[in-house]
Amino acid sequence: MNLTSITPHRLLALIAVSGIGMLAFGLYLQHVVGLNPCPMCIVQRYALIGVVLVAAVGWRLRGWGLAASGVLLALVSGFGGFTAARQSWLQWYPPEIVTCGRDFYGMVENFPINRAIPMIFKGSGDCTKIDWTFLGGSIANWSFVCFVAFGLLGLWVALKSRQPAA
């Protein structure tokens, strides 16, 4: 397969599979390695779920639906990229007082279960803490790169799907 054989449909399928892989890796880091996600990490996960859903649905569409899914993919990716950029900024320039969230056990011990459950889904780690790096980039840095790539590819899908077939 060469680069000219990449169609918008194949690209959306690849984006969906890549997003699922990223979500699986995040869950691996959380449940196997033991890293606690912070509230911004949770928001980025939701944005990534949105990217996967939009790409998976767009993979089956044609015409204007395909173009709309490309634009929507770019918007959802932009939201995730903004959150990842903000977290990267906080990691590079941490505030003096960290107010990112409470730890899991502190929430369960100090709050009734009806208040603790929503707090658990908000994340419990410190948004400024860098627990894992790859090639010098934190999880938030790599997340930003991926969201930007997904957004640009979404715009490419939108433009390519509206061009007449050659």
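Just so it is clear, the structure is predicted and the values come from calculations on it, not from any experiment. (Residues numbered from 1 in each chain as written. Predicted model: local features only at pLDDT ≥ 70, side-chain atom pairs only at ≥ 80, totals over all residues. Heavy atoms only, no water.)

## Considering the side chain of asparagine 141
Line of reasoning, step 1. Structurally, asparagine 141 is set in helix H6 (residues 139-161).
Line of reasoning, step 2. Judged by its relative accessible area of 16%, asparagine 141 falls in the buried class.
Line of reasoning, step 3. One polar contact links asparagine 141 to serine 88, side chain to side chain, over a distance of 2.8 Å.
Line of reasoning, step 4. Leaving out residues up to four positions away in the same chain, asparagine 141 has contacts with Ser88, Gln91 and Trp92. (Helix = DSSP H or I, 4+ residues; strand = E, 2+ residues; numbered from the N terminus. Buried < 20%, exposed > 50% of the residue type's maximum accessible area, 1.4 Å probe, protein only. Polar contact = N/O pair within 3.5 Å; in protein donor to acceptor, adjacent residues only side chain to side chain. Contact = heavy atoms within 4.5 Å.)

## A few points about the packing of helix H1 (residues 8-33) against H6
For any two helices packed against each other, the geometry comes down to the angle between their axes and how far apart the axes lie.
Line of reasoning, step 1. Their axes nearest at 10 Å, the elements H1 and H6 cross at an angle of 165°. Between H1 and H6, the interaxial angle falls into the category roughly antiparallel. Crossing hand, H1 versus H6: left-handed. Judged by residue contacts, Pro8, Leu11, Leu12, Ile15, Ser18, Gly19, Met22 and Leu29 of H1 engage Ile139, Cys146, Phe150, Leu153, Trp156, Val157, Lys160 and Ser161 from H6.
Line of reasoning, step 2. Its residues assigned to classes, the contact of H1 with H6 shows twelve nonpolar, three polar and one charged. (Axes fitted to C-alpha atoms, helices over the stretch in contact; angles between N-to-C directions. Parallel < 35°, antiparallel > 145°, perpendicular 65-115°, else oblique. Left-handed = near helix turned anticlockwise from the far one by under 90°. Nonpolar A, V, L, I, M, F, W, Y, C, P; charged D, E, K, R; others polar.)

## Some details on the packing of aromatic side chains
Line of reasoning, step 1. Counted by the stated rule, this structure contains one aromatic pair.
Line of reasoning, step 2. When the centroid spacing of 6.1 Å and the interplanar angle of 25° are considered together, the rings of phenylalanine 25 and tyrosine 28 count as stacked. A residue pair is termed a helical-turn pair when its members lie 3 or 4 positions apart in one helix, as phenylalanine 25 and tyrosine 28 do in helix H1 at three residues. (Phe/Tyr/Trp six-rings, centres within 6.5 Å; stacked < 30°, edge-to-face > 60°.)

## Describing H6
Line of reasoning, step 1. The end-to-end C-alpha distance of H6, which contains 23 residues, comes to 32 Å, matching closely the 33 Å that a straight helix rising 1.5 Å per residue would cover.
Line of reasoning, step 2. Listing the buried residues of H6 in full gives Ala140, Asn141, Ser143, Phe147, Phe150, Gly151, Gly154, Val157, Ala158 and Ser161.
Line of reasoning, step 3. On its buried face, H6 sits against H1, helix H2 (39-58), helix H3 (63-92) and strand S2 (137-138). (Expected span 1.5 Å × (residues − 1).)

## A word on the nonpolar core
Generally speaking, a soluble globular protein has its nonpolar side chains buried in company with each other.
Line of reasoning, step 1. Core analysis: the largest hydrophobic core is formed by 17 residues, its most contacted members being Leu12, Ile15, Leu48, Val51 and Leu73.
Line of reasoning, step 2. Looking at this core, the elements with two or more residues in it are H1, H2, H3 and H6.
Line of reasoning, step 3. A per-element tally of this core places H2 first, with six residues.
Line of reasoning, step 4. Not counting residues within four places of it along the chain, the set of residues in contact with valine 51 comprises Ile15, Leu73, Val76, Ser77, Phe147 and Phe150. (Core = buried A, V, L, I, M, F, W, Y, C linked by side-chain atoms within 4.5 Å.)

## Some details on H2
For the α-helix, the turn length of 3.6 residues means that residues three or four positions removed from each other point alike.
Line of reasoning, step 1. For H2, spanning 20 residues, the distance from its first C-alpha to its last is 28 Å, which sits close to the expected 28 Å at 1.5 Å a residue.
Line of reasoning, step 2. Those residues of H2 not exposed but buried are Met40, Ile42, Gln44, Ala47, Leu48, Gly50, Val51, Val52, Val54, Ala55 and Gly58.
Line of reasoning, step 3. Buried residues along H2 sit in contact with H1, H3 and H6.

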